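Understanding the architecture of this molecule
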Amino acid sequence: MKYADFEFGNRELKFFDESKVELKKFTPPGQKKEIRFFRKKGFNQYDPKGKIISRSGLSSFREPFEIEPWNQILIDEANNYGSKIDKNKEEALKGIISGNEVLLETKMSVGKMFLKQGFIWVGRSQMICHPDSIIYGEIDEIWYHKETDTYYIGDTKTSSSVDKLVYWYQLAIYIEIMRKLNPNKKISHIGKIDWVKIKNEKWVYNRDFNEKLWKEWIGKEVSEKDEVYRARWNEKISIPEEKINLIVQRDLEKEGILKLAQLDIDLLLRYNISSIQDFEEQIKINKTFLLENKKNQKIYDQISERIKANV
């Protein structure tokens, strides 16, 4: 029995409306990772009316991500590790690699999702777009459970903590998009995170570090060439190997996260928000939009506090 069947996923599921949108891609100068995004059809590449806001763009309003410049090294390392696992898993699932090329983290994922849960992968790094061309995003994992004829939307995480609203909100947006695209399919309201991580070393904190001496770097883009990049951390040391191999899940319907996703998608639709700039502009000039956005933000913050309190 195969643990991945992407042909089945492409045959049974709709991911976007080809008559309304087109998938674009480019690779920024000096980078390896390809950027993929959707634009509305019928507009030239410079027409702002052709834009569609991304899920990550919307999430940045609900929970802005800020990092101190002296911790950028940790973020970069985490991103590199996550990208390595993500690429390895995708190549293994698609049959591009096998045997010793398959990392232990990938084997851990397949073991628990396929062998224990009975899920097969029918989508991986799948780009999707709302049928009304409102919002788009990229789903890490789409699983199918044959016995119940149900699809599950999920994510792979390699971070130290995964039970955060920002992750569940992301899955809720994707579930809402997939339900709109596939009204006759059973798309589960249970969000699942495939949590895998192997750690055998850690950074040593520089006890002489004084963040007051580095505050001039706050707000600036920092690279490994900048002195602040390594200011807080000495070299790494080895530690006893730590393994995380869990499925973390939440009922997004019961906890109100799916409802919040519906409210936010409706907000984008009613005010014709197609970019981060549109969102920012509406906050400045439209009091009604401002109040509605604050209402949704309050719901977001309340749910986030409940999750932090593990309620």
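Right, let's walk through the structure included here. (Residues numbered from 1 in each chain as written. Predicted model: local features only at pLDDT ≥ 70, side-chain atom pairs only at ≥ 80, totals over all residues. Heavy atoms only, no water.)

**Describing the overall build of the protein chain**
Along the protein chain, the regular secondary structure elements total 8 helices and 9 strands. The C-alpha atoms of the protein chain give 21 Å as radius of gyration, which agrees with the globular expectation for 311 residues (19 Å, within 12%). Overall size of the protein chain, expressed as C-alpha extent along the three principal axes, is 55 × 55 × 45 Å. Residue burial in the protein chain is summarised as follows: out of 311 residues, 46% are buried. Taking the intrachain contacts of the protein chain between residues at least 6 apart in sequence as the baseline, contacts between residues at least 24 apart amount to 69%. When the accessible surface of the protein chain is totalled, it reaches about 17,800 Å², and 48% of it is carbon and sulfur. Side chains of the protein chain carry 55 positive and 50 negative charges; the gap between the two charge centres is 2 Å. (Helix = DSSP H or I, 4+ residues; strand = E, 2+ residues; numbered from the N terminus. Rg over C-alpha atoms; globule rule 2.2 N^0.38 Å. Buried < 20%, exposed > 50% of the residue type's maximum accessible area, 1.4 Å probe, protein only. Contact = heavy atoms within 4.5 Å. Areas by Shrake-Rupley, 256 points an atom, 1.4 Å probe, with all protein chains shown as cover. Lys, Arg positive; Asp, Glu negative; His and termini not counted. Charge placed at Lys NZ, Arg CZ, Asp CG, Glu CD.)

**Quick notes on the side chain of N206**
Its place among the elements puts N206 in the loop between strand 8 (190-205) and strand 9 (233-251). Among the polar contacts listed, one links the side chain of N206 to the backbone oxygen of A231, at a separation of 3.0 Å. (Polar contact = N/O pair within 3.5 Å; in protein donor to acceptor, adjacent residues only side chain to side chain.)

**Digging into the packing of helix 2 (residues 55-62) against helix 5 (residues 165-181)**
Close contact between helix 2 and helix 5 brings their axes to 11 Å; oriented N to C, the two are set at 135 degrees. Between helix 2 and helix 5, the angle is such that the two are oblique. Crossing handedness for the pair helix 2 and helix 5: right-handed. Contacts from R55, L58, S59 and R62 in helix 2 reach Y169, Q170, I173 and Y174 in helix 5. Its residues assigned to classes, the contact of helix 2 with helix 5 shows 4 nonpolar, 2 polar and 2 charged. (Axes fitted to C-alpha atoms, helices over the stretch in contact; angles between N-to-C directions. Parallel < 35°, antiparallel > 145°, perpendicular 65-115°, else oblique. Left-handed = near helix turned anticlockwise from the far one by under 90°. Nonpolar A, V, L, I, M, F, W, Y, C, P; charged D, E, K, R; others polar.)

**Thoughts on the pattern of salt bridges**
Two side chains carrying opposite charge are able to pair once their charged atoms lie near each other. If you walk through the whole model with that rule in mind, you get 23 salt bridges. Of the charged contacts, one joins K112 and D194 as a salt bridge, the two residues approaching to 2.5 Å between their closest N and O atoms. Of this pair, K112 sits in helix 4 (residues 104-116) while D194 sits in strand 8; the two residues are 82 residues apart in sequence, bridging distant segments of the chain. For the pair K112 and D194, a shared accessibility class is recorded, and that class is buried. Put simply, D86, K89, E90, K94, K112, R124, E141 and D194 are held in one network by salt bridges that share partners. (Salt bridge = Lys/Arg side-chain N within 4 Å of Asp/Glu carboxyl O.)

**Describing the pairing of strand 5 (residues 135-145)**
Counting buried positions along strand 5 yields 10 of 11 residues, so the element is predominantly enclosed. Where strand 3 (residues 53-54) lies against strand 5, 2 bridges are found, and the strand directions are parallel. Of the residues in strand 5, the one forming a bridge with S54 is Y136. As defined by bridge partners, strand 4 (residues 120-129) adjoins strand 5 across 8 bridges and the pair is classed as antiparallel. Bridging from a neighbouring strand, C129 pairs with Y136 of strand 5. With 5 bridges joining them, strand 5 and strand 6 (residues 150-157) adopt antiparallel strand pairing. Its bridge partner lying in strand 6, I142 is registered against I153. Following strand 5, the chain reverses through 4 residues before pairing antiparallel with strand 6; D149 in that reversal takes a positive phi of roughly 50 degrees. (Pairing = 2+ DSSP bridges.)

**Topic: helix 3 (residues 72-93)**
Helix length check: helix 3, at 22 residues, gives a terminal C-alpha distance of 31 Å against a target of 32 Å (1.5 Å per residue), a fit within 8%. After helix 3 finishes, the residue G95 shows a positive phi value of roughly 75 degrees. (Expected span 1.5 Å × (residues − 1).)

**So, unusual backbone geometry**
Of note in this structure, S133 is not a glycine but carries a positive phi near 55 degrees. With relative accessibility at 10%, the residue S133 sits in the buried group. Within the chain, N272 stands out as a residue other than glycine whose phi angle is a positive 55 degrees. Topologically, N272 is positioned in the loop between helix 6 (257-270) and helix 7 (276-285).

**Some thoughts on the nonpolar core**
Counting 60 residues, the largest nonpolar core has I135, I142, I153, W168, I173 and M178 as its most contacted members. Ranked by the residues each element gives to this core, the list is headed by helix 5, at 13 residues. Residues contacting I142, with those up to four places away along its chain left out, are L13, F15, I120, W121, V122, G123, Q126, Y151, Y152, I153 and M178. Within the second largest apolar cluster, 11 residues are counted, among which are F209, V222, V228 and Y229. (Core = buried A, V, L, I, M, F, W, Y, C linked by side-chain atoms within 4.5 Å.)

**What about the environment of E280?**
Structurally, E280 is set in helix 7. On a C-alpha basis, the gap between E280 and L290 in space is 9.8 Å, while along the polypeptide they are 10 residues apart.

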